[in-house]
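Next come the chains, spelled out residue by residue.
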Amino acid sequence: MADPLYLISGATGTTGRAAVTALRHAGKRVRAVVHKEDARAEALREQGAETIVGELLDLDQMRAAMEGVRGAYFVYPFKPGLIGAAAFFAQAAIEAGVESIVNMSQKPARRETKSEASRDHWITEQVFDWSDVPTTHIRPTFFAECR
């Protein structure tokens, strides 16, 4: 039986890239979703990650990306479409038999918040929970980078 394969969305972003690096350092197989072929995608391949060009708002692309995946990481940029992307990601995970999801949310994610972004993150958490794919929601306050 092959080693498990992990899917990382947002793989060229800060937390996605860190997830790819951590998994590869641990000797895990990684499939990285990128928006385009560029130097950042090449850097992921140099680490040993498989890359796939895909759009989180395209159900068929996400379903293809999930093929053979055991666990998946969902992170979405600060732009419209979060809830739809989460729904497509969850549906693709269900169809592919993914065993677990890690969802990058945010600390103030609540139904009653006045922030539309925070409310959207809360709804996204609900979508993943409704999917019945075991999901861990990460609610960070902020990230600091040391260089």
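See above for the structure.
About the cut-offs
- Along every chain, residues carry numbers that run from 1 in the direction the sequence is written.
- With pLDDT at 70 or above as the cut-off, local features in this predicted model cover only qualifying residues; side-chain atom pairs require 80 or more to be listed or tallied, and sums for whole chains, interfaces and linings still use all residues.
- In computing side-chain values, all of the structure's heavy atoms are included and hydrogens and water are not.
- Numbering of helices and strands starts at the N terminus; helices are DSSP runs of H or I of at least 4 residues and strands are runs of E of at least 2.
- Take a side-chain nitrogen of Lys or Arg and a carboxyl oxygen of Asp or Glu: if they are within 4 Å of each other, that pair is a salt bridge.
- The criterion is simple. A nonpolar core is a set of buried Ala, Val, Leu, Ile, Met, Phe, Trp, Tyr and Cys residues joined through side-chain atoms within 4.5 Å.
- Residue burial is assigned from relative accessible area. The probe radius is 1.4 Å, only protein chains are included, and a residue is buried under 20% of its type maximum, exposed over 50%, and partly exposed in between.
- Contacts are assigned to residue pairs that have any heavy atoms within 4.5 Å of one another.
- To obtain each axis, a line is fitted to C-alpha atoms, and for helices this fit is confined to the stretch in contact; angles are then taken between N-to-C directions over 0 to 180 degrees.
- When describing relative orientation, an angle under 35 degrees is termed roughly parallel and one over 145 degrees roughly antiparallel, while 65 to 115 degrees is termed roughly perpendicular and anything else oblique.
- Throughout, a crossing is termed right-handed when the near helix is turned clockwise from the far one, and left-handed when it is turned anticlockwise from it by less than a right angle.
- A pair of strands is treated as paired once DSSP finds two or more bridges between them.
- A helix is expected to span 1.5 Å multiplied by its residue count minus one.

### Re unusual backbone geometry
Piece 1. In this structure, Asp-132 takes a positive phi of about 65 degrees despite not being glycine.
Piece 2. As for its placement among the helices and strands, Asp-132 is situated in the loop between helix 5 (116-130) and strand 6 (135-138).

### Looking at the pattern of salt bridges
Piece 1. Applying the stated criterion to the full structure yields 8 salt bridges.
Piece 2. Salt bridges linked by common partners bring Glu-37, Glu-42 and Arg-45 together as one network.

### Description of the nonpolar core
Piece 1. Judged by nonpolar contacts, the single largest core of 23 residues is most densely connected at Leu-7, Met-66, Phe-74 and Phe-89.
Piece 2. Going through the elements one at a time, strand 1 (5-8), helix 3 (59-66), strand 4 (71-74), helix 4 (82-96) and helix 5 are the ones with two or more residues in this core.
Piece 3. Top contributing element to this core by residue count: helix 4, with 7 residues.
Piece 4. Setting aside anything within four residues of it in sequence, one finds Leu-7 in contact with Arg-31, Val-33, Ala-65, Met-66, Val-69, Gly-71, Ala-72, Tyr-73 and Phe-89.
Piece 5. By size, the runner-up hydrophobic cluster in this structure holds 13 residues, among which are Ile-8, Val-30, Val-34 and Leu-44.

### A closer look at the packing of helix 4 against helix 5
Piece 1. Where helix 4 meets helix 5, the closest approach of the two axes is 9 Å, and the angle between their N-to-C directions is 15 degrees. Taken together, the axes of helix 4 and helix 5 are roughly parallel relative to one another. Seen along the crossing, helix 4 lies across helix 5 with a hand that is right-handed. Residues Leu-82, Ile-83, Ala-86, Ala-87, Phe-89 and Ala-90 of helix 4 touch helix 5, and the partners they reach there are Asp-120, His-121, Ile-123, Thr-124, Val-127 and Phe-128.

### A short note on the environment of Glu-42
Piece 1. With respect to the element layout, Glu-42 can be found in helix 2 (residues 39-46).
Piece 2. Here the alpha-carbon distance between Glu-42 and Arg-119, two residues 77 residues apart in the chain, equals 35 Å.

### A look at the sheet that holds strand 3 (residues 50-53)
Piece 1. The parallel open sheet is built from 6 strands, whose spatial order is 3-2-1-4-5-6. The open sheet has two edge strands with one neighbour each: strand 3 and strand 6. For this sheet, the mean angle separating the axes of adjacent strands, direction not counted, is 15 degrees.
Piece 2. Inspection of the sheet shows strand 5 (residues 100-104) paired to strand 6 by 4 bridges, in the parallel sense. By the bridge assignment, Asn-103 is partnered in strand 6 with His-137.

### Thoughts on helix 5
Piece 1. Between its terminal C-alpha atoms helix 5 stretches 21 Å, which fits the 21 Å expected from 15 residues at 1.5 Å a residue.
Piece 2. Within helix 5, the full set of buried residues consists of Ser-118, His-121, Thr-124, Glu-125, Gln-126, Val-127 and Phe-128.
Piece 3. The inward-facing, buried residues of helix 5 contact strand 4, helix 4, strand 5 and strand 6.

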